[in-house]
Amino acid sequence: MNHAIEAMKPSASMVLMAKAKEMQKKDPTVIGLAGGEPDFNTPDRISMAAIRSLTEGNTHYVVGPGIPELRRAIAEKLRRENGVECDEGCVLVTPGGKNAIYIAVCAVLNHGEEAIILDPAWVSYEPIVQAAGGKAVKVKLDYRTDYRITREQLEAACSDKTRLLILNYPNNPTGRILHADEAEIVEQFMLAHPEVYVISDEIYEKLVYGERSVSIGSYKSVADRVITVNGFSKCAAMTGWRMGYLTAAKPVFDVIYRLYQHSLSCMSGFMQAGAVEVFNCEREMEEMRRIYEQRRDMFCGALNAIPGVRCTLPEGAFYAWVYFDIKGMNSAEMCEYLLENAGVVGMPGSAYGEDEACSMRFSFANSTEDLERAAAKITAALKALA
Ligand code: GLU
């Protein structure tokens, strides 16, 4: 067996999403807020375009990095909305953002080389780095400074083996966006370390509740070393489609595409035909974003009203990242307690590398009624503890 893969922890989000589904079979009142998955259906015109394409017989290999219409639409979007000078020839359509990250990490890292990951971080970055034979070096961002990136921390984590920095803004789980002053710190760091690449995972980009998050790929001085990853799962409620993409400068793209050819061949043509329609669904996506914003205000507001609970309003994504100061419990204990006593399944902060304070992540990409019920049940369960 491959030792690095054998030693990997299972994906905590997959485990807890499955657990919630299992519990709901016995008790339908259980509320699953563990996985970040929109409760909305994919807008109809996207699904209809895929169905049309499927029934027209678009069921063969689509040899290449993606269909031209989709790659063109993605490149135009990246130029227009993100300031990323992207050539459509360097757009790769992937099965979800997760696979884009996986093949990009494999393409960048040699065995034993290091990737810097900013904690708290999504559960899969470290295992992906390990699967690629690399070593994850964690930088612990501090909630007391609102998880600001500092040059000192990046430098302290950087060694002669560092080849990659993974960024994720809007951030899962903290909800922080990348502000221009921090992007400049990253730019300066990259200029000082010309052998370091950046993977910028921007999957929550459309889900912001104020300012937009800065795309590091828009910084011309370092753009040739930035791999920008995004997808349709979160913005267009398409998690089950597995439709993501990446773009990178041609020399980097070419290496990634080689691995793609050998591991995937190509993406499904009819699903890509559906995804083209995402670019005609701005109104529907904005409507979902607006509803997430209302849910954020309601759910985070309700949690903040509980003594000993603190939840900063996220600037982006759809997660409430919550700190508890209750009876000295740690995050795994709190997760278990709320699962047993409130019937609410969330994610323990420890899954994201927050192992000192007691924290949890709850997805508010759930129906408003479920979120209201969850807030009431969490409030009652914590009152019972007090
Ligand atoms: N990214 C989502 C989450 O953090 C889906 C699950 C996963 O990919 O880990 O919940």
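Residues numbered from 1 in each chain as written. Predicted model: local features only at pLDDT ≥ 70, side-chain atom pairs only at ≥ 80, totals over all residues. Heavy atoms only, no water.

1. So, the packing of helix α3 (residues 44-55) against helix α10 (residues 269-276)
Turning to step 1, where the next piece is worked out: Running from N to C, α3 and α10 cross one another at 145 degrees; their axes reach a closest spacing of 7 Å. Every pair of crossing elements has a handedness; the one defined by α3 and α10 is right-handed. Mapping the contact onto sequence places Ile 46, Ala 49, Ala 50, Ser 53 and Leu 54 in α3 and Gly 269, Phe 270, Ala 273, Gly 274 and Ala 275 in α10.
Turning to step 2, where the next piece is worked out: Looking at side-chain class alone, the contact of α3 with α10 contains seven nonpolar, three polar and no charged residues. (Axes fitted to C-alpha atoms, helices over the stretch in contact; angles between N-to-C directions. Helix = DSSP H or I, 4+ residues; strand = E, 2+ residues; numbered from the N terminus. Left-handed = near helix turned anticlockwise from the far one by under 90°. Contact = heavy atoms within 4.5 Å. Nonpolar A, V, L, I, M, F, W, Y, C, P; charged D, E, K, R; others polar.)

2. Comments concerning the pairing of strand β13 (residues 358-363)
Turning to step 1, where the next piece is worked out: With six of its six residues buried, β13 lies for the most part within the structure.
Turning to step 2, where the next piece is worked out: Every second residue of β13 is oriented toward a common face, with Cys 358, Met 360 and Phe 362 on one face and Ser 359, Arg 361 and Ser 363 on the other, all of them buried.
Turning to step 3, where the next piece is worked out: Relative to β13, strand β10 (residues 319-324) is paired through six bridges, and the arrangement is antiparallel. Paired with Ala 320 across the two strands is Phe 362, which belongs to β13.
Turning to step 4, where the next piece is worked out: Looking at chain direction, strand β12 (residues 347-348) and β13 are connected through two bridges and run antiparallel. Opposite Met 347, over in β13, you have Arg 361 as the bridge partner. (Buried < 20%, exposed > 50% of the residue type's maximum accessible area, 1.4 Å probe, protein only. Pairing = 2+ DSSP bridges.)

3. Topic: the packing of aromatic side chains
Turning to step 1, where the next piece is worked out: On inspection of all chains with the given rule, the structure shows 15 aromatic pairs.
Turning to step 2, where the next piece is worked out: Ring geometry for Tyr 209 against Phe 364: centres 6.5 Å apart, planes inclined by 50 degrees, an arrangement best described as tilted. Of this pair, Tyr 209 sits in the loop between β6 (197-201) and β7 (226-231) while Phe 364 is found in the loop between β13 and α13 (368-385), placing the two residues 155 residues apart along the sequence. With respect to class, Tyr 209 is no different from Phe 364; both count as buried.
Turning to step 3, where the next piece is worked out: Plain terms: the ring middles of Phe 253 and Tyr 257 are 5.9 Å apart, the flat faces sit at 15 degrees to each other, and that makes the pair stacked. One end of the pair is Phe 253 and the other is Tyr 257, both in helix α9 (residues 250-263) and four residues apart, which spans about a single turn. Of the two residues, Phe 253 and Tyr 257, neither departs from the other in class, the shared state being buried.
Turning to step 4, where the next piece is worked out: Through a chain of ring-to-ring contacts, three or more aromatic side chains come together here, namely Phe 40, Tyr 204, Tyr 292, Phe 318 and Tyr 319. (Phe/Tyr/Trp six-rings, centres within 6.5 Å; stacked < 30°, edge-to-face > 60°.)

4. A closer look at the site of the ligand
Turning to step 1, where the next piece is worked out: Around the ligand, the surrounding shell consists of Ser 13, Met 14, Gly 35, Gly 36, Lys 98, Trp 122, Val 123, Asn 172, Tyr 204, Lys 234, Tyr 319 and Arg 361.
Turning to step 2, where the next piece is worked out: Between Gly 36 and the ligand, the recorded distance is 2.8 Å, taken from a backbone N or O atom to an oxygen atom.
Turning to step 3, where the next piece is worked out: Calculation on the ligand without its partners gives an accessible area of 280 Å², and the protein chains cover 89% of this total.
Turning to step 4, where the next piece is worked out: Taken together, the residues that form the shell around the ligand break down as five nonpolar, four polar and three charged. (Near = heavy atom within 4 Å. Polar contact = N/O pair within 3.5 Å; in protein donor to acceptor, adjacent residues only side chain to side chain. Areas by Shrake-Rupley, 256 points an atom, 1.4 Å probe, with all protein chains shown as cover.)

5. Description of the nonpolar core
Turning to step 1, where the next piece is worked out: Of all hydrophobic cores here, the largest spans 132 residues; its most connected members are Phe 324, Leu 338, Phe 362 and Leu 382.
Turning to step 2, where the next piece is worked out: Examining the composition of this core, we find that seven residues originate from one element, α13, more than from any other.
Turning to step 3, where the next piece is worked out: In this structure, Leu 338 is in contact with Phe 324, Gly 343, Val 344, Met 360, Phe 362, Ile 378, Ala 381 and Leu 382, ignoring residues within four places of it in sequence. (Core = buried A, V, L, I, M, F, W, Y, C linked by side-chain atoms within 4.5 Å.)

6. Thoughts on the environment of Leu 16
Turning to step 1, where the next piece is worked out: Along the chain, Leu 16 turns up in helix α2 (residues 12-26).
Turning to step 2, where the next piece is worked out: Here Leu 16 falls in the buried class, since its relative accessible area comes to 11%.
Turning to step 3, where the next piece is worked out: For Leu 16 and Pro 307, which are 291 residues apart along the polypeptide, the C-alpha to C-alpha distance reads 26 Å.
Turning to step 4, where the next piece is worked out: Apart from residues lying up to four places away in sequence, Leu 16 is in contact with Ala 34, Leu 339, Val 345, Gly 346, Met 347 and Pro 348.

7. A closer look at the sheet that holds β7
Turning to step 1, where the next piece is worked out: Taken together, the seven strands give an open sheet; going across it, the order is β2-β8-β7-β6-β5-β3-β4, and neighbouring strands pair in mixed fashion. The sheet is open, and its two edges are formed by β2 (91-94) and β4 (135-140), each paired on a single side. The average angle at which neighbouring strand axes cross in this sheet is 20 degrees, direction not considered.
Turning to step 2, where the next piece is worked out: Bridge analysis of β7 against strand β8 (residues 244-247) gives four bridges, and the strand direction is antiparallel. Residue pairing for β8: Asn 230 is matched across the bridge by Tyr 245.
Turning to step 3, where the next piece is worked out: Docked against the sheet, helix α4 (residues 68-82) engages β2, β7 and β8, running at close to 115 degrees with respect to β2.
Turning to step 4, where the next piece is worked out: Each of β2, β6, β7 and β8 is contacted by α9, which is oriented at about 30 degrees to β2, the strand it contacts most.

8. Description of the side chain of Ser 331
Turning to step 1, where the next piece is worked out: Within the element layout of this structure, Ser 331 appears in helix α12 (residues 331-341).
Turning to step 2, where the next piece is worked out: Here the side chain of Ser 331 touches Ser 350 through a polar contact of 3.1 Å, landing on its backbone nitrogen.
Turning to step 3, where the next piece is worked out: Here Ser 331 is in contact with Pro 348, Gly 349, Ser 350, Glu 354, Cys 358, Ser 359 and Met 360, once residues within four sequence places are set aside.

9. What about the sheet that holds β13?
Turning to step 1, where the next piece is worked out: Judged by pairing direction, the sheet is antiparallel, and its four strands sit side by side in the order β9-β10-β13-β12 without closing on themselves. Each edge of the open sheet is held by one strand with a lone partner, namely β9 (309-311) and β12.
Turning to step 2, where the next piece is worked out: Together, β9, β10 and β13 form the strand contacts of helix α11 (residues 282-304), whose direction differs from that of β9 by roughly 150 degrees.

10. Focus on the confidence of the model for the chain
Turning to step 1, where the next piece is worked out: The predicted model of the chain has a mean per-residue pLDDT of 97, with 100% of residues at 70 or higher.
Turning to step 2, where the next piece is worked out: Taken element by element, the predicted model of the chain shows its lowest mean pLDDT in helix α1 (residues 3-6) (90) and its highest in β6 (99). (pLDDT = per-residue confidence, 0-100.)

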